[in-house]
2 protein chains.
Amino acid sequence: MRDIKTHRGRPKAFDEIEALTAAMQYFWEHGYDATSVDDLLKVMGIKKSSFYATFKSKEALFSRALQLYREYSLAFLREYHKEHGAKQTMLMLVDSTIEELEKSGNVRGCLLMNSGKECYGRYENLSRQVGREFTYLFALFVELIAEAKEKGEIHNPKTPQEIALFYINALNGLVVTIRAGVEKALIEELSQEIKEILE
Amino acid sequence: MRDIKTHRGRPKAFDEIEALTAAMQYFWEHGYDATSVDDLLKVMGIKKSSFYATFKSKEALFSRALQLYREYSLAFLREYHKEHGAKQTMLMLVDSTIEELEKSGNVRGCLLMNSGKECYGRYENLSRQVGREFTYLFALFVELIAEAKEKGEIHNPKTPQEIALFYINALNGLVVTIRAGVEKALIEELSQEIKEILE
DNA sequence: GACATTTTGTACCGATTGGTATATAATTTG
DNA sequence: CAAATTATATACCAATCGGTACAAAATGTC
């Protein structure tokens with residue numbers, strides 16, 4: 001039994017979770033390839049030696065960022081669910097995308113989905129991890145839809161799984177369609193159509 | 001009036017359109033950033049000097065590839081329309097994606113949509129071009145839906161533009177959802193749901 | 001054949017990529 | 001205080017990035 005609290009040697013001068021969170025945000029904004037290690041060092045506020053000593057490699061760091069993103073997202077969605085209910089939580093996913101677009105002119109999308117596209121066929125480990133992380137989120141979406149159906153807030157006759165998949169798929173498309181440069185009026189229209197899936 | 005047929009100097013040893021087409025295919029498969037100039041040289045079968053003399057830069061070449069892709073796509077869709085009709089042409093977009101997935105385990109998606117996502121906020125000229133090229137394709141989709149509606153093949157009460165946007169959006173999502181690693185059974189299910197938009 | 005023109009082959013460029021080596025600084029343990 | 005341990009700072013690495021320089025090769029014109 002060793003004393004797990006005691007560190008020998010020089011103590012870390014930064015908070016590992018803080019640095020990881022900053023990296024996750026940067027990855028989210030710029031994607032994996034477009035993020036260089038030097039970019040990460042700046043935003044994490046650490047030096048290269050600390051980076052590699054703590055996180056081992058860019059890919060290993062990204063892997064942890066994916067996991068952290070899923071954990072944050074799950075936590076946030078559960079909290080939002082408590083406050084606003086199941087159906088409103090699902091609708092919020094579209095609304096917040098449109099809000100982000102209007103406020104910043106930009107739309108980041110979901111880090112997992114973005115990474116799925118980027119890593120597919122190029123970084124197999126990351127690609128498989130994206131699949132695993134997404135399962136957690138998808139399971140929650142199915143639960144939320146099921147709950148909303150039981151409450152009679154959703155009249156769509158399909159199964160919760162079918163509805164969730166179709167809705168999330170449309171949400172994935174929304175990010176792509178926005179970035180393809182489709183004009184704002186059409187995007188507004190489209191976002192309404194997507195939300196109608198949950199009627 | 002100068003003689004346009006006569007070239008002075010050493011003649012080109014390669015076909016410009018063939019080389020451009022090969023580049024387009026490679027970009028389609030790998031994306032813009034993940035394609036290096038050296039990759040392009042190999043697949044185009046030319047040397048660096050010829051590359052820069054003919055196409056000026058990687059970005060300029062990509063711009064031409066985007067245009068070529070749109071031209072090819074329009075021509076192919078119009079041909080398919082003649083042979084199989086409007087509704088079937090739209091349905092084929094989903095079917096061919098699933099076929100590609102089953103045959104190759106891969107799915108390239110639409111070069112324009114992929115590029116929209118990749119270039120958004122990073123390569124402004126390319127980003128704007130994606131928007132312009134997509135308008136051509138989208139106009140055709142709206143025409144096809146309108147025709148199918150007139151023939152009574154589509155009963156969806158929304159306008160052709162709304163249907164086209166919603167359907168294409170779902171198709172964009174399908175590529176993302178596939179690459180996110182969602183299991184095959186769910187993807188089959190999803191593709192059916194997407195095609196039902198056109199009922 | 002001489003000359004102008006254009007393409008091609010090769011060597012090279014500075015910048016950036018992800019990652020290492022190594023020496024020094026800061027801490028706990030004895 | 002000395003030794004062991006861990007973290008940090010800096011310099012460095014080969015490989016790759018997109019792009020350029022320049023001389024040689026191939027053609028039409030005169």
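Predicted model, so just to flag it, every value in this text is computed and none were measured.

Procedures and definitions
- Residues numbered from 1 in each chain as written.
- Chains lettered and ligands numbered in written order.
- Predicted model: local features only at pLDDT ≥ 70, side-chain atom pairs only at ≥ 80, totals over all residues.
- Helix = DSSP H or I, 4+ residues; strand = E, 2+ residues; numbered from the N terminus.
- Buried ≥ 20, exposed ≤ 12 C-beta atoms within 10 Å, placed from the backbone.
- Contact = placed C-beta atoms within 7 Å.
- Nonpolar A, V, L, I, M, F, W, Y, C, P; charged D, E, K, R; others polar.
- Near = placed C-beta within 6 Å.
- pLDDT = per-residue confidence, 0-100.
- Least-squares fit on C-alpha atoms with pLDDT ≥ 70 in both.
- Core = buried A, V, L, I, M, F, W, Y, C linked by C-beta atoms within 7 Å.
- Axes fitted to C-alpha atoms, helices over the stretch in contact; angles between N-to-C directions.
- Parallel < 35°, antiparallel > 145°, perpendicular 65-115°, else oblique.

What follows covers the overall build of chain A. Along the backbone of chain A there are nine helices and zero strands. Each principal axis of the C-alpha distribution contributes one length, and for chain A these read about 60 × 45 × 30 Å. For chain A, the proportion of its 199 residues judged to be buried stands at 37%. For chain A, long-range pairs separated by at least 24 residues make up 64% of all intrachain contacts whose partners lie at least 6 apart in sequence.

Contacts between chain B and chain A engage 31 residues on the former and 32 residues on the latter. Of all the elements in the fold, those that place two or more residues in the side of chain B that touches chain A are α6 (111-119), α7 (124-150), α8 (160-179) and α9 (184-195) of chain B. Ranked by residue count, the leading element in the side of chain B that touches chain A is α8 of chain B, at 11 residues. For the side of chain B that touches chain A, the residue count by class is 14 nonpolar, 10 polar and seven charged.

Moving on: the protein's contact with DNA strand D. In the vicinity of DNA strand D lie 27 residues, with G9, R10, S49 and S50 of chain A together with S36 of chain B positioned nearest. Per-element accounting of the surface near DNA strand D gives the leading share, four residues, to helix α3 (residues 48-55) of chain A. Its residues assigned to classes, the surface near DNA strand D shows seven nonpolar, nine polar and 11 charged.

Around DNA strand C there are 26 residues in total, and S36 of chain A together with G9, R10, S49 and S50 of chain B lie nearest to it. Among the secondary structure elements, those contributing two or more residues to the surface near DNA strand C are α2 (37-44), α3 and α4 (58-84) of chain A together with α3 (48-55) of chain B. Top contributing element to the surface near DNA strand C by residue count: α3 of chain B, with four residues.

On to the confidence of the model for chain A, then. Chain-level statistics for chain A give a pLDDT mean of 95 and a share of 97% at 70 or above. This stretch, residues 1-5 of chain A, has a pLDDT under 50; its non-local contacts, to residues over four places away or in other chains, come to zero contacts.

Let us now look at the relation of the copies chain B and chain A. To go from the first copy of the chain to the second, apply a rotation about an axis and then a shift along the same axis. For the pair chain B and chain A, the relating rotation is 180°, the translation along its axis is 0.0 Å, and the fit reaches an RMSD of 0.1 Å. Both copies are brought into coincidence by an operation consistent with a two-fold rotation axis. Closest to the rotation axis within chain B is the C-alpha of G173 of chain B, separated from it by 1.8 Å. A share of 100% of the interface residues of chain B reappears at the interface of chain A, consistent with the copies meeting face to face through the same patch.

Along the chain, S63 of chain A falls in helix α4. Those residues within four positions of S63 of chain A in sequence are excluded, and the remaining contacts are L126 and Q129 of chain A.

Here we take up the nonpolar core. In terms of nonpolar packing, the biggest core is built from 103 residues, with L112 and Y167 of chain A together with L112 and Y167 of chain B touching the most fellow members. Excluding residues that lie within four positions of it along the chain, L112 of chain A makes contacts with L66, Y69, R70, V130, E133 and F134 of chain A together with A180 of chain B.

Once that is clear, we can look at the packing of helix α9 (residues 184-195) of chain A against α8 of chain B. Relative orientation of the contacting elements α9 of chain A and α8 of chain B amounts to 75°, with a least axis distance of 10 Å. In this view, α9 of chain A runs roughly perpendicular relative to α8 of chain B, as classed from their interaxial angle. The segment α9 of chain A lies against α8 of chain B, with L186, E189, L190 and E193 of chain A engaging E162, L165, F166 and N169 of chain B. Split by residue class, the contact of α9 of chain A with α8 of chain B holds four nonpolar, one polar and three charged.

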